Amino acid sequence: MSEQSLLQVRDLSASVEDLPILHNINLEIKAGETHVLMGPNGAGKSTLGYTLMGNPHYNVTKGQILFDGQDLTNESADKRAKAGMFLSFQNPLEVPGISLGSFVRNALHEQTGKPVKLLQYKKQLGEAMDLLTMDSEYADRDLNVGFSGGEKKKAEILQMLMLNPKLAILDETDSGLDVDAVRTVSKGIQEYQKKKDGALLIITHSTKILESLHVDYTHVLVKGHIVTTGDGSLVEEINEHGFEKYVRCEGCDGCSPLK
Ligand SMILES: Nc1ncnc2c1ncn2[C@@H]1O[C@H](COP(=O)(O)OP(=O)(O)O)[C@@H](O)[C@H]1O
Ligand SMILES: [Mg+2]
């Protein structure tokens, strides 16, 4: 594992529609590390994912996002993607008129700035689709249009494998999936973990997907605060006892992180 710090989130607070959601978040992810972010519904997990990725609806009110040696706090989502950040959406959007295959090829072209050779691309796409047990005909279908929940999530993992980002943020890629689909998605994530220095921030409130993945750090987010950080074993503890012990404080907007 490399010692190089890839993502540094420093004292980050963020709002949605002027509503403060995230409070003083500190997070450091090194190349090659897998971090898990857990927390109850509405804790602000997706907000953190969107804020890191630069979604314009989410405003940073304090702090910094440093990524691979650059300060990206005020940069566009596009610039962050080019720098090697990737976010898989909790609810992937349907994009009529653009096939899955073309979408990924365009994204690769955007990312590298170089033309993507068709034959090589098709081979690589086919291999990744095989790994994710996706029928090759899906490459020609409009992105996510008429895809089942599981197929949409597989399409997100496919994009991750093809784009090979430096940091992949996966927002509840496991939610709503049947047991087989969770296993397949997990296999895709393991494949990404095998590649050089790829780092992961896996956002989840279930633990199923983590059973076959190596986890370096687990963070618990409650009411917009990271209230505790531990190693992979914290996942087990939460699996057994839930979040109850971390959710003690009521209406504590702006208070210091819960102990
Ligand atoms: N676009 C938005 N507009 C208004 N409120 C939002 C928006 N996005 C998130 N929120 C609010 O921010 C809080 C955290 O939401 P979210 O980040 O989706 O939580 P989680 O992903 O942990 O379930 C919730 O109270 C939610 O209603
Ligand atoms: Mg969410």
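Residues numbered from 1 in each chain as written. Chains lettered and ligands numbered in written order. Predicted model: local features only at pLDDT ≥ 70, side-chain atom pairs only at ≥ 80, totals over all residues. Heavy atoms only, no water.

Peer 1: What am I meant to see in the side chain of S186 here?
Peer 2: Among the structural elements, S186 can be located in helix α6 (residues 179-194). Within the structure, the side chain of S186 is placed 2.9 Å from the side chain of S212, a separation counted as a polar contact. (Helix = DSSP H or I, 4+ residues; strand = E, 2+ residues; numbered from the N terminus. Polar contact = N/O pair within 3.5 Å; in protein donor to acceptor, adjacent residues only side chain to side chain.)

Peer 1: How should the layout of surface pockets be read in this particular structure?
Peer 2: In this model, the largest pocket occupies a volume close to 740 Å³. Elements with a minimum of two residues in the lining of the largest pocket: α1 (45-53), α2 (77-83), β6 (85-88), α3 (100-112) and α5 (149-163). Across the lining of the largest pocket, the residue classes tally to 16 nonpolar, 6 polar and 4 charged. (1 Å grid on protein atoms, 1.4 Å probe; cavity = no way out; pocket = protein on both sides within 12 Å on 5 of 7 lines; lining within 4 Å. Points joined across faces, edges and corners; volume = space filled by probe spheres on them. Nonpolar A, V, L, I, M, F, W, Y, C, P; charged D, E, K, R; others polar.)

Peer 1: Quick question: what am I supposed to make of the coordination of the magnesium ion (ligand 2) here?
Peer 2: Four donors placed tetrahedrally about a metal ideally form angles of 109.5 degrees, and six donors placed octahedrally ideally form angles of 90 or 180 degrees. The magnesium ion (ligand 2) binds to the protein through S46 (OG) and Q90 (OE1), with metal-donor distances spanning 2.1 to 2.4 Å. Here S46, found in helix α1, pairs with Q90, found in the loop between β6 and β7 (95-99); they are 44 residues apart in sequence, far enough to count as distant. Residue classification places Q90 among the partly exposed positions, given a relative accessible area of 23%. (Donors = N, O, S within 2.8 Å, 3.2 Å for Na, K, Ca; no water. Buried < 20%, exposed > 50% of the residue type's maximum accessible area, 1.4 Å probe, protein only.)

Peer 1: Looking at this structure, I do not really get the packing of aromatic side chains. What am I missing?
Peer 2: Each aromatic ring pair is described using two quantities: the centre-to-centre distance and the angle formed by the ring planes. Applying the stated rule across the entire model yields 3 aromatic pairs. Residues Y138 and F147 carry aromatic rings whose centres are separated by 5.1 Å and whose planes lie at 80° to one another, so their mutual orientation is edge-to-face. In this structure F147 comes out as buried when scored by relative accessible area, which is 5%. Linked through ring pairs, Y50, Y58 and F89 together constitute an aromatic cluster. (Phe/Tyr/Trp six-rings, centres within 6.5 Å; stacked < 30°, edge-to-face > 60°.)

Peer 1: Where do I start with the site of ligand 1 in this structure?
Peer 2: Around ligand 1, a shell composed of V16, E17, I21, P40, N41, G42, A43, G44, K45, S46, T47 and Y58 is seen. A distance of 2.7 Å separates an oxygen atom of ligand 1 from a polar backbone atom of G42. The contact in question runs from an oxygen atom of ligand 1 to an N or O atom on the side chain of K45, over 2.8 Å. Protein chains bury 63% of the 560 Å² of accessible surface belonging to ligand 1 in isolation. Considering only residue class, the shell around ligand 1 consists of 5 nonpolar, 5 polar and 2 charged. (Near = heavy atom within 4 Å. Areas by Shrake-Rupley, 256 points an atom, 1.4 Å probe, with all protein chains shown as cover.)

Peer 1: Can you help me understand the packing of α3 against α5 in this one?
Peer 2: For any two helices packed against each other, the geometry is given by the interaxial angle and the distance between the axes. The N-to-C vectors of α3 and α5 enclose an angle of 35°; their axes lie 10 Å apart at closest approach. Between α3 and α5 lies a crossing of right-handed hand. Residues L100, F103, V104, A107, L108 and Q111 of α3 form the contact with α5, whose participating residues are A155, L158, Q159, M162 and L163. Tallied by class, the residues present in the contact of α3 with α5 amount to 9 nonpolar, 2 polar and no charged. (Axes fitted to C-alpha atoms, helices over the stretch in contact; angles between N-to-C directions. Left-handed = near helix turned anticlockwise from the far one by under 90°. Contact = heavy atoms within 4.5 Å.)

Peer 1: It is not clear to me how the confidence of the model for the protein should be interpreted in this structure. Could you clarify?
Peer 2: A low pLDDT score tells you not to read the predicted coordinates there in detail. Overall, the prediction assigns the protein a mean pLDDT of 91, with 94% of residues at 70 or greater. For the stretch residues 253-259, pLDDT sits under 50, and the model shows 16 contacts to residues farther than four places along the chain or on other chains. (pLDDT = per-residue confidence, 0-100.)

Peer 1: What is the right way to read unusual backbone geometry from this model?
Peer 2: Most peptide bonds take the trans configuration, and most residues that are not glycine carry a negative phi. In the Ramachandran plot, D68 falls in the positive-phi region, its phi being about 50° despite a non-glycine side chain. Here D68 lies in the loop between β4 (58-67) and β5 (70-71). You can call D68 partly exposed: its relative accessible area is 27%. Despite not being glycine, N164 shows a phi value in the positive range, around 45°. Mapped onto the elements, N164 comes out in the loop between α5 and β9 (167-171).

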